[in-house]
Amino acid sequence: MALRGLAGSGPGSRGPLDQAVAADEKREAPAVVAAGATPEDDEEDDGRGRGLLRWDGFSAWLHCVCVVGFDLELGQAVEVIYPQHSKLTDKEKTNICYLSFPDSNSGCLGDTQFCFRFRQSSGRRVSLHCLLDQFDKDLPVYLKKDPAYFYGYVYFRQVRDKTLKRGYFQKSLVLISKLPYIHFFHTVLKQIAPEYFEKNEPYLEAACNDVDRWPAPVPGKTLHLPIMGVVMKVRIPTCHDKPGTTQIVQLTQQGDTLVSVILPTVHEVDLFRCFCPVFLHSQMLWELVLLGEPLVVMAPSPSESSETVLALVNCISPLKYFSDFRPYFTIHDSEFKEYTTRTQAPPSVILGVTNPFFAKTLQHWPHIVRIGDLKPAGEIPKQVKVKKLKNLKTLDSKPGVYTSYKPYLNRDEEIIKQLQKGVQQKRPSEAQSVILRRYFLELTQSFIIPLERYVASLMPLQKSISPWKSPPQLRQFLPEEFMKTLEKTGPQLTSRIKGDWIGLYRHFLKSPNFDGWFKTRRKEMTQKLEALHLEALCEEDLLLWTQKHTEVETVDLVLKLKNKLLQADRERLPVKPDTMEKLRTHIDAIILALPEDLQGILLKTGTT
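The rules behind these values
Residues numbered from 1 in each chain as written. Predicted model: local features only at pLDDT ≥ 70, side-chain atom pairs only at ≥ 80, totals over all residues. Heavy atoms only, no water. Helix = DSSP H or I, 4+ residues; strand = E, 2+ residues; numbered from the N terminus. Buried < 20%, exposed > 50% of the residue type's maximum accessible area, 1.4 Å probe, protein only. Contact = heavy atoms within 4.5 Å. Areas by Shrake-Rupley, 256 points an atom, 1.4 Å probe, with all protein chains shown as cover. Pairing = 2+ DSSP bridges. Axes fitted to C-alpha atoms, helices over the stretch in contact; angles between N-to-C directions. Core = buried A, V, L, I, M, F, W, Y, C linked by side-chain atoms within 4.5 Å. Phe/Tyr/Trp six-rings, centres within 6.5 Å; stacked < 30°, edge-to-face > 60°. Arc of directions from axis to C-beta. Parallel < 35°, antiparallel > 145°, perpendicular 65-115°, else oblique. Left-handed = near helix turned anticlockwise from the far one by under 90°. Nonpolar A, V, L, I, M, F, W, Y, C, P; charged D, E, K, R; others polar. Polar contact = N/O pair within 3.5 Å; in protein donor to acceptor, adjacent residues only side chain to side chain. pLDDT = per-residue confidence, 0-100. Salt bridge = Lys/Arg side-chain N within 4 Å of Asp/Glu carboxyl O.

**Student:** Explain the overall build of the chain to me, using residue names and the numbers behind them.
**Tutor:** Each helix and strand counted, the chain has 20 helices and 16 strands in total. Burial status across the chain gives 53% buried among its 608 residues. Taking the contacts inside the chain whose residues are at least 6 apart along the sequence as the reference set, 73% of them involve residues at least 24 apart. Summing over all exposed atoms, the chain offers an accessible surface of approximately 28,500 Å²; the carbon and sulfur share of this is 52%.

Set out below in structure tokens:
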């Protein structure tokens with residue numbers, strides 16, 4: 001496998017953004033102040049005058065676009081990276097090359113779409129980090145970008161071509177992004193890939209120019225995104241949305257007559273289609289994902305493997321799956337040895353594989369889901385059984401869930417009857433997915449509410465917050481203390497499902513998902529305490545305090561207050577805007593009451 005020289009067109013490399021300005025409703029895109037902006041850059045920006053360098057609008061959505069082809073002598077090769085200045089390390093390019101093509105055994109003739117996820121090389125700087133971080137804070141936790149990973153969205157074409165030595169045309173158009181918007185990017189590829197294969201690079205350049213003019217991916221806003229004559233209407237969810245609801249505004253406005261595609265979701269997959277072969281065991285799989293157990297999905301093609309892995313990760317929403325997951329994983333992956341070694345226990349990861357070699361390599365993994373071809377909507381495959389791992393000899397083994405795991409909870413027969421009835425009545429797959437998603441949501445919420453309630457009790461009382469002392473600490477999470485709360489306020493209040501809930505919680509408290517969830521909650525609560533401490537400071541008469549204390553103590557107070565302001569800004573503490581303004585006013589008043597020589601020094605120190 002080799003890498004060809006890069007083709008495509010675009011400007012030279014540019015400096016990263018220094019400052020991101022909040023998106024303005026009146027603009028089509030965010031204004032940002034960029035380091036190294038030049039008059040030439042502004043001209044390249046087609047006179048948009050948005051303060052954006054060329055390609056900064058593009059970078060808010062995509063890292064780059066790659067074209068991967070097959071060469072008889074070189075093997076899989078990156079033929080084009082666009083824009084040309086996009087940075088990918090050799091290791092990243094190699095991963096993209098292998099992950100962009102189905103394994104040879106998949107036999108994917110025609111057009112195939114799938115998704116992969118790969119680890120970013122260490123030490124790289126994330127472009128547009130200020131801007132994306134700003135949007136990240138308003139996203140639900142399960143949609144926040146992971147700085148260590150890229151997603152690859154693939155449109156692969158394999159058709160017979162007698163003019164080529166190999167007899168086949170094989171090429172992939174790949175979108176590389178930090179954003180986990182699976183459904184959205186697959187829809188984008190459906191719009192542009194077929195024409196790209198006919199028209200080549202000029203068409204790709206025009207499509208990328210369209211993306212560069214898109215408004216920023218601001219959560220909560222209805223966005224109109226034109227690409228190659230098609231206008232897509234989307235809304236990215238926010239952390240304030242009610243889980244399980246979609247907020248996209250339907251075609252009611254006159255101005256929407258130009259909209260070609262309305263996406264009710266940017267990230268969700270067809271849940272029922274993926275769980276269809278295993279829906280009798282969907283609750284057991286929910287437990288395995290919740291507990292971060294090592295799980296392999298063996299499928300006939302990357303489409304099936306990637307959709308199923310993403311459906312599994314999605315099934316514990318609104319909880320975030322904090323371990324690694326690979327929708328499509330190959331023997332060439334840079335983490336292959338790390339994930340298949342037998343010298344240690346399998347890691348907490350969900351892998352989607354298609355190569356028969358994995359049936360042997362991953363025999364020691366405790367939970368393996370083997371699925372056949374996913375049927376189109378309306379067709380129901382034969383339900384697979386739970387089988388012992390020793391029966392899994394090859395990838396040709398019959399579909400099934402191979403595990404010795406015994407679920408903690410009793411199976412919910414109601415949901416199974418509901419889905420089976422839907423199958424008999426030929427209920428659309430979308431409607432079945434809504435039922436299944438609601439079931440998973442209610443199950444996850446019943447599980448997490450007691451934890452949320454207990455963690456909220458670890459928060460100190462507001463009256464214990466003194467402006468003249470450091471903010472109080474959160475109480476320690478004590479597992480046994482939490483277990484005692486379950487008797488009166490456990491999941492039995494909201495769920496009809498019986499079983500060993502206590503055992504499930506004990507297992508969960510040792511899992512990566514609990515660790516990630518609790519760290520997130522602890523950070524949010526600590527920031528809330530810092531914000532309350534700031535508000536308490538603002539209510540004090542600080543000028544009066546300085547009159548009763550020495551000059552040295554007053555200077556020390558000013559420096560501490562300035563530090564608080566910087567911290568509030570850096571960590572985006574949940575403080576009211578008027579609190580920050582009050583604190584700045586206090587600081588200015590204290591400085592003006594000091595001798596002139598000190599005033600000059602303090603005004604230069606930090607920012608107010």
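**Student:** An account of the sheet that holds strand β7 (residues 168-177) is requested, with residue identities and associated values reported.
**Tutor:** Within the open sheet, the 5 strands sit side by side as β4-β3-β7-β6-β5. Their pairing is antiparallel. Among the strands making up the open sheet, the edge pair consists of β4 (75-82) and β5 (110-119). The mean angle between the axes of side-by-side strands here comes to 25°, regardless of whether they run parallel or antiparallel.

**Student:** Can you explain unusual backbone geometry? Please cite residues and give values.
**Tutor:** Here Tyr82 and Pro83 are connected by a cis peptide whose omega angle stands at -5°. Here Pro83 lies in the loop between β4 and α3 (90-99). Here the bond from Ser317 into Pro318 is cis, since omega is 10°, no more than 30 degrees from zero. Here Pro318 lies in the loop between α9 (302-314) and β12 (324-326). The residue Asn200 is not glycine, and still its phi comes out positive at about 65°.

**Student:** Describe in detail the nonpolar core, supporting the description with residues and values.
**Tutor:** Counting 108 residues, the largest nonpolar core has Trp61, Phe184 and Leu451 as the members making the most contacts within it. For this core, the element with the most residues is helix α13 (residues 429-456), which contributes 10 residues. For Trp61, the contacting residues outside a window of four places in its chain are Ser177, Leu179, Phe184, Phe185, Val211, Trp214, Pro215, Ala216, Pro217, Leu223, Leu225 and Ile236. Residues Ala531, Leu542, Val558 and Leu583 belong to the second largest nonpolar core, which totals 22 residues.

**Student:** Quick rundown of the packing of aromatic side chains? Include the residues and the values.
**Tutor:** Summed over all chains, the structure comprises 39 aromatic pairs. A ring pair is formed by Phe114 and Tyr328, whose centres lie 5.3 Å apart and whose planes are at 75°; its orientation type is edge-to-face. With Phe114 in strand β5 and Tyr328 in the loop between β12 and α10 (336-340), this residue pair connects regions lying 214 residues apart in the sequence. Note on Phe114: relative accessible area 1%, which makes it buried. Overall, Tyr328 belongs to the buried group, its relative accessible area being 0%. Measuring from ring centre to ring centre gives 6.0 Å for Phe329 and Phe358, while their planes differ by 50°; the resulting arrangement is tilted. Here Phe329, found in the loop between β12 and α10, pairs with Phe358, found in helix α11 (residues 357-361); they are 29 residues apart in sequence, far enough to count as distant. Of the residues examined, Phe358 reaches a relative accessible area of 0% and is grouped as buried.

**Student:** Explain helix α14 (residues 479-489) to me, and be specific about the residues and the numbers.
**Tutor:** Every buried residue of α14 is accounted for by Phe482, Met483 and Leu486. Angularly, the buried residues of α14 cover 105° about the axis, an arc narrow enough to put them on a single face. Those residues of α14 that are exposed and angled more than 90 degrees off the buried face are Lys484, Glu487 and Lys488. Buried positions along α14 lie against α13 and α15 (501-508).

**Student:** Give a description of the packing of α14 against α15 that names residues and reports values.
**Tutor:** At their nearest, the axes of α14 and α15 sit 11 Å apart, and the two run at 155° to each other. The angle between α14 and α15 places the two elements in the roughly antiparallel class. Every pair of crossing elements has a handedness; the one defined by α14 and α15 is right-handed. Where α14 abuts α15, its residues Glu480, Phe482, Met483 and Leu486 lie against Ile502, Tyr505 and Arg506. Of the residues contributing to the contact of α14 with α15, the split by class is 5 nonpolar, no polar and 2 charged.

**Student:** Any chance you could break down the environment of Arg453 for me, citing the residues and the numbers?
**Tutor:** With respect to the element layout, Arg453 can be found in helix α13. Take Arg453: its relative accessible area is 39%, and that puts it in the partly exposed class. The spatial distance from the C-alpha of Arg453 to the C-alpha of Phe482 is 9.6 Å, given a sequence separation of 29 residues. Among the polar contacts made by the side chain of Arg453, one reaches the main-chain carbonyl oxygen of Thr489 at a distance of 3.0 Å.

**Student:** Pulling in residues and values, what's your account of the pairing of β5?
**Tutor:** Taking burial as the measure, the 10 residues of β5 include 7 buried ones, the bulk of the element. One ladder, built from 10 bridges, connects β5 with strand β6 (residues 149-160); its direction is antiparallel. Residue Phe114 lies in a different strand from β6, and its bridge partner there is Val154.

**Student:** Describe the environment of Gln476, with residues and values.
**Tutor:** Tracing the backbone through its elements, the reader meets Gln476 in the loop between α13 and α14. You can call Gln476 exposed: its relative accessible area is 61%. Excluding residues that lie within four positions of it along the chain, Gln476 makes contacts with Tyr454 and Leu458.

**Student:** So what's going on with the confidence of the model for the chain? Which residues, and what values?
**Tutor:** Predicted confidence across the chain gives a mean pLDDT of 82, with 81% of residues reaching 70 or more. The low-confidence segment residues 1-51, where pLDDT is below 50, has 117 contacts with residues more than four positions distant or belonging to other chains.

**Student:** Lay out the sheet that holds strand β8 (residues 222-227) with the relevant residues and their values.
**Tutor:** An order of β8-β9-β10 is seen for the 3 strands of this open sheet, with the pairing classed as mixed. Every other strand in the sheet has two partners, leaving β8 and β10 (261-262) as the edge strands with one partner each.

**Student:** Account for the side chain of His533, with residues named and values stated.
**Tutor:** For His533, the location among the structural elements is in helix α16 (residues 512-538). A polar atom in the side chain of His533 sits 2.7 Å from the backbone oxygen of Lys469. Leaving out residues up to four positions away in the same chain, His533 has contacts with Ile465, Ser466, Pro467, Lys469, Ser470, Pro471 and Lys564.

**Student:** Any chance you could break down the side chain of Thr265 for me, citing the residues and the numbers?
**Tutor:** Inspection of the secondary structure assignment puts Thr265 in the loop between β10 and α7 (271-275). Judged by relative accessible area, Thr265 falls into the buried class, the value being 13%. Engagement of the side chain of Thr265 in a polar contact is seen with the backbone nitrogen of Glu268, the distance being 3.1 Å.

**Student:** Just give me the short version of the pattern of salt bridges, but keep the residues and values in it.
**Tutor:** In this structure the tally under the stated criterion is 26 salt bridges. Between Lys199 and Glu195 there is a salt bridge whose closest N-O contact spans 2.4 Å. Within this pair, Lys199 and its partner Glu195 are both found in helix α5 (residues 182-199), separated by 4 residues, close to a single helical turn. Through salt bridges with shared partners, a single ionic network connects Arg117, Arg119, Asp146, Asp324, Arg326, Asp333, Glu335 and Glu338.

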